[in-house]
Amino acid sequence: MIEIKNISKQFHTAEGTVEALKDVSLSIPDGDIFGIIGMSGAGKSTLVRCINMLERPTQGSIVIDGVDLCGLPERKLRKLRRDISMIFQGFNLLMQRDCLGNVCFPLELAGKSKPVAKKRALELLDIVGLGDKAKAYPAQLSGGQQQRVAIARALATDPKVLLCDEATSALDPTTTNSILELIRSINEKLGITVIIITHQMSVVESICKHVAILDNGAVVEQGEVTEVFSHPKSTAARRLVFPEGDSDSLIAGDAEQRFIRVVFNGARATSSPLIAKMAVEKGIEASIAYASTRSIGGKAYGSMLLSIPGGDGAVQAAIGYLTQTPDVLAEEVTAHVS
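Residues numbered from 1 in each chain as written. Predicted model: local features only at pLDDT ≥ 70, side-chain atom pairs only at ≥ 80, totals over all residues. Heavy atoms only, no water.

Along its length, the chain carries 12 helices and 14 strands. If you line up the chain on its principal axes, its C-alpha atoms span 75 × 50 × 35 Å. Expressed as a percentage of the 338 residues in the chain, the buried residues total 48%. Here the analysis covers contacts within the chain between residues at least 6 apart in sequence; of these, 68% occur between residues at least 24 apart. Between the mean site of the 36 positive side-chain charges and the mean site of the 38 negative ones, the chain shows a separation of 11 Å. (Helix = DSSP H or I, 4+ residues; strand = E, 2+ residues; numbered from the N terminus. Buried < 20%, exposed > 50% of the residue type's maximum accessible area, 1.4 Å probe, protein only. Contact = heavy atoms within 4.5 Å. Lys, Arg positive; Asp, Glu negative; His and termini not counted. Charge placed at Lys NZ, Arg CZ, Asp CG, Glu CD.)

Printed below as a string of C-alpha cells:
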C-alpha cells in the first residue's frame, strides 16, 4: 500500500514562493494501476518526484508498506528506491550503450556480476518483446522500442512500484496502445503497482482502475475511473471529460428539450451505431447535440449529449435502451445537474 498523506511542496524562487502541491492525500492499493491526471502545470510531475523522494515534500509523508520515506536518511532511502522504478516521456536511454547494456546498467550499479546481469537483462528484453534487439543501439530503434527498453531497464531491480511519468506522450496512438498493453501485462504477471502520470484521459480510461484528478496542485476528485469519468463533479474533471466545452451550455440554451448524457466506458464497438439502432428498434429519434468519443482497441470511450423528443416516457425508454449495453451509462441532465 502506498499512502500519500497531506503532501505539500513549495519552491522558493526570485519571484516568490510557488506552491506546487497543496495538501495532497491518496491511497494506492498494492497491485493497482492508478492514474494521476491533470493539465500542464497541475503538479503531476512534482507529485511523482515526491513519491520516489527525488523531491522531498515540504510537509506530509509518503508511506510505502508502512515505511515513511520522508523520515529516512539518504543512505536507507537510496536502498529503498530500488523498489521504485520510473519511466519517462523521453526514454532517457544511454545512447552509447546497446539495449543489453542499458538494461544491465542498474544491475551493475546494484553490484551484480556481469554474467548475472547479462542473463537477467536478456530475460527482461524477452519480456518486453525485444529479445532480438539486444545488440541494437537506441538510435536504431523506434520510439516505441526505446520505451520498451526503458521498461525492461526499470524492471531490472525487481521493483514493487513502477512510476510512469507521461511515458506515452511522445508516441503515436498505435504505439501508445501497445505500450499500455505491455504495462498492463507486467502489472498482471508480476503484480507490480503502477502509477501513471498523464494529461491524456484516453490513457487513464484504457488502463487505469482508479484515478485522481490534480488541478493547481490539489486533488479535486478521485475514485474508480468509471465513476469519476461518468459523473465528473469538479470543474477540472469536466474539462477533461468534455474537452470541446461543457455541454451544460447547450442544455441551458434550450428549455423546450429533454437531454440525456451518455457515457461510454469501454463499450464494445459494433458495426451498427447505438443511437441509430435505438431509432430503428424503439422509434426514438434522438438528436446528437454534443459528442466527444473515440475508439481505443475496439472499445468506445467518451460521452455525448442527446436531445430526446417527447415526454417522460420517451426519456425513460431511451435511458433503459441505452443502458442495456454493457459499459454504457445514461442519465437525464438539466442545466442544474453537475
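Turning to the sheet that holds strand β2 (residues 16–28), a few remarks are in order. The strands making up a sheet are joined through hydrogen bonds of the backbone, oriented either antiparallel or parallel. Strand order in the open sheet formed by four strands is β2-β1-β4-β5, with antiparallel pairing between adjacent strands. The sheet is open, and its two edges are formed by β2 and β5 (67–68), each paired on a single side. Against the sheet, helix α1 (residues 44–51) touches β1 (2–13), β2 and β4 (59–64), its axis set at about 65 degrees to β2. (Pairing = 2+ DSSP bridges. Axes fitted to C-alpha atoms, helices over the stretch in contact; angles between N-to-C directions.)

The biggest cluster of nonpolar side chains holds 52 residues, and the ones touching the most others in it are Ile87 and Ile151. In this view, Ile151 contacts Ile87, Val128, Ile179, Leu182, Ile183 and Ile186; residues no more than four positions away in its chain are not counted. In terms of nonpolar packing, the next biggest core, distinct from the first, is built from 29 residues, Ile4, Leu47, Cys50 and Leu69 among them. (Core = buried A, V, L, I, M, F, W, Y, C linked by side-chain atoms within 4.5 Å.)

The strand order across the open sheet built from six strands is β6-β7-β8-β3-β9-β10, with neighbouring strands paired in mixed fashion. The sheet terminates laterally at β6 (84–88) and β10 (218–224), the two strands that pair on one side only. Each strand of the sheet is rotated relative to its neighbour by a mean of 15 degrees, with strand direction disregarded. Across five bridges, the pairing between strand β3 (residues 33–37) and strand β8 (residues 193–198) is parallel. Each bridged residue has a counterpart across the sheet, and for Ile37 the counterpart in β8 is Thr198. This element, α1, spans β3, β6, β7 (161–165), β8 and β9 (210–215) of the sheet and lies at about 155 degrees to β8. Strands β6 and β7 of the sheet are contacted by helix α5 (residues 143–154), whose axis makes an angle of about 170 degrees with β6.

Close contact between helix α3 (residues 99–109) and α5 brings their axes to 8 Å; oriented N to C, the two are set at 30 degrees. The orientation of α3 with respect to α5, classified from their angle, is roughly parallel. As α3 runs across α5, the sense of the crossing is right-handed. Facing α3, whose interface residues are Cys99, Asn102, Val103 and Pro106, α5 presents Val149, Ala152 and Arg153. Of the residues contributing to the contact of α3 with α5, the split by class is five nonpolar, one polar and one charged. (Parallel < 35°, antiparallel > 145°, perpendicular 65-115°, else oblique. Left-handed = near helix turned anticlockwise from the far one by under 90°. Nonpolar A, V, L, I, M, F, W, Y, C, P; charged D, E, K, R; others polar.)

Bringing empty space enclosed by the protein into the picture now. Evaluated as defined, the whole model comprises one cavity of 30 Å³ or more. In this structure, the largest cavity encloses a volume near 50 Å³. Counting residues per element, the ones that place at least two in the lining of the largest cavity are α6 (173–190) and β8. Looking at the lining of the largest cavity element by element, the count peaks at three residues for β8. Each residue belonging to the lining of the largest cavity can be placed in one class, and the counts come to seven nonpolar, two polar and one charged. (1 Å grid on protein atoms, 1.4 Å probe; cavity = no way out; pocket = protein on both sides within 12 Å on 5 of 7 lines; lining within 4 Å. Points joined across faces, edges and corners; volume = space filled by probe spheres on them.)

Turning our attention to the packing of aromatic side chains. Here the structure, examined in full by the defined rule, presents zero aromatic pairs. The positively charged end of Lys9 is found above the aromatic ring belonging to Phe11, 5.1 Å away from the centroid. (Phe/Tyr/Trp six-rings, centres within 6.5 Å; stacked < 30°, edge-to-face > 60°. Lys NZ or Arg CZ within 6 Å of the ring centre and 35° of its normal.)

For the rest of this paragraph, the subject is the pattern of salt bridges. Counted according to the given criterion, the structure contains 12 salt bridges. Here Glu55 makes a salt bridge to Lys9, at a shortest N to O gap of 3.7 Å. Here the residue Glu55 occupies a position in the loop between α1 and β4, and Lys9 occupies one in strand β1, the gap between them amounting to 46 residues. There is no split in this pair, since Glu55 and Lys9 are both buried. (Salt bridge = Lys/Arg side-chain N within 4 Å of Asp/Glu carboxyl O.)

What follows concerns the layout of surface pockets. The volume enclosed by the largest pocket comes to roughly 630 Å³. Along its surface, the largest pocket is lined by 18 residues, and Arg81, Ile84, Ser85, Pro106 and Thr157 are the ones closest to its centre. At the level of elements, β6, α3 and α5 are the ones that each hand at least two residues to the lining of the largest pocket. Looking at the lining of the largest pocket element by element, the count peaks at four residues for β6. By residue class, the composition of the lining of the largest pocket is 10 nonpolar, four polar and four charged.

As a further point, take α1. Of all eight residues that make up α1, six are buried, and the element is covered over most of its length. For α1, every residue scored as buried is listed here: Lys44, Thr46, Leu47, Val48, Cys50 and Ile51. Met53, located one to two residues past α1, shows a positive phi value of around 65 degrees.

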